[in-house]
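Coordinates in review
Listed here are the chains, written in short residue letters.
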Amino acid sequence: MLNGTIIVILISLAAGTAIRAWAFAIFAIVVSLGFGVVAHQSASLLEAALYGFGILVLMQACYVTGVFAAGLWRRSRKPSKESAMADPAPVPGKQRQG
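In this report, we go over the structure that sits alongside the text.

1. Observations concerning the overall build of the protein chain
- Along the backbone of the protein chain there are three helices and zero strands.
- Shown N-terminal to C-terminal, the secondary structure of the protein chain runs as helices and strands in the order α-α-α.
- Looking at the 98 residues of the protein chain, the share that counts as buried comes to 20%.
- Contacts in the protein chain between residues far apart in sequence, at least 24 positions, make up 75% of those at least 6 positions apart.
- Accessible area of the protein chain: about 7800 Å², with a carbon and sulfur share of 68%.

Right, dumping it as structure tokens:
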């Protein structure tokens, strides 16, 4: 189960950088139900439901972390205003006539 949890964490972090929230929500619910079914084979129904819910919470937390990290990375790659050109190219239709 530990290997499955680590894989779920890595997939959730990667999904935070690539897919939309609604798509990930559907994916997370399906995966957590799958983990709950697998856990139910060796535990009671309540324990399996709690385990599945724990996986769902873990996946959502990792997804939000991935979204946050991707946003920070994208912002750090944008050029700052200080490094922009001081004199932009003139627009052809707005040249001075005189």
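2. Thoughts on the nonpolar core
- The biggest cluster of nonpolar side chains holds nine residues, and these are Val 8, Ala 15, Phe 24, Ala 28, Val 31, Phe 35, Ile 55, Met 59 and Tyr 63.
- Of all the secondary-structure elements, those providing two or more residues to this core are α1 (2–18), α2 (21–40) and α3 (45–77).
- Examining the composition of this core, we find that four residues originate from one element, α2, more than from any other.
- Contacts of Tyr 63, omitting those with residues within four sequence positions, involve Ser 12, Ala 15, Gly 16, Ile 19, Arg 20, Ala 21 and Phe 24.

3. Some points on α2
- With 20 residues, α2 should cover 28 Å at 1.5 Å per step; its first-to-last C-alpha distance of 28 Å lies within 8% of that length.
- The set of residues buried in α2 consists of Phe 24, Ala 28, Val 31, Ser 32, Phe 35, Gly 36 and Ala 39. Down the axis of α2, the buried side of the element spans an arc of 145 degrees, and every buried residue falls inside it. Exposed side of α2, more than 90 degrees from the buried face: Trp 22, Ile 26, Val 30, Leu 33 and Val 37 are the residues found there.
- Residues of α2 that are buried sit in contact with α1 and α3.

4. What about the packing of aromatic side chains?
- If you walk through the whole model with that rule in mind, you get three aromatic pairs.
- When the ring of Phe 24 is compared with that of Tyr 63, the centres are 4.4 Å apart and the planes differ by 10 degrees; the resulting orientation is stacked. Note that Phe 24 is positioned in helix α2 and Tyr 63 in helix α3, a separation of 39 residues in sequence.
- Judged by centre distance (6.3 Å) and plane angle (55 degrees), the rings of Phe 35 and Tyr 51 are tilted. Here Phe 35, found in helix α2, pairs with Tyr 51, found in helix α3; they are 16 residues apart in sequence, far enough to count as distant.
- By way of ring pairs, the aromatic residues Phe 24, Phe 27 and Tyr 63 are connected into one cluster.

5. Quick look at the packing of α1 against α3
- Direction vectors running N to C along α1 and α3 enclose 40 degrees, while the axes themselves pass 7 Å from each other. Accordingly, the angle class assigned to the pair α1 and α3 is oblique. The element α1 and its partner α3 pack so that their crossing is right-handed. Two secondary-structure elements touch here, α1 through Thr 5, Val 8, Ile 9, Ser 12, Leu 13, Ala 15, Gly 16 and Thr 17 and α3 through Tyr 51, Ile 55, Leu 58, Met 59, Cys 62, Tyr 63, Thr 65, Gly 66, Val 67, Ala 70 and Arg 74.
- Classifying every residue of the contact of α1 with α3 by side-chain character gives 12 nonpolar, six polar and one charged.

Calculation notes
Residues numbered from 1 in each chain as written. Predicted model: local features only at pLDDT ≥ 70, side-chain atom pairs only at ≥ 80, totals over all residues. Heavy atoms only, no water. Helix = DSSP H or I, 4+ residues; strand = E, 2+ residues; numbered from the N terminus. Buried < 20%, exposed > 50% of the residue type's maximum accessible area, 1.4 Å probe, protein only. Contact = heavy atoms within 4.5 Å. Areas by Shrake-Rupley, 256 points an atom, 1.4 Å probe, with all protein chains shown as cover. Core = buried A, V, L, I, M, F, W, Y, C linked by side-chain atoms within 4.5 Å. Expected span 1.5 Å × (residues − 1). Arc of directions from axis to C-beta. Phe/Tyr/Trp six-rings, centres within 6.5 Å; stacked < 30°, edge-to-face > 60°. Axes fitted to C-alpha atoms, helices over the stretch in contact; angles between N-to-C directions. Parallel < 35°, antiparallel > 145°, perpendicular 65-115°, else oblique. Left-handed = near helix turned anticlockwise from the far one by under 90°. Nonpolar A, V, L, I, M, F, W, Y, C, P; charged D, E, K, R; others polar.

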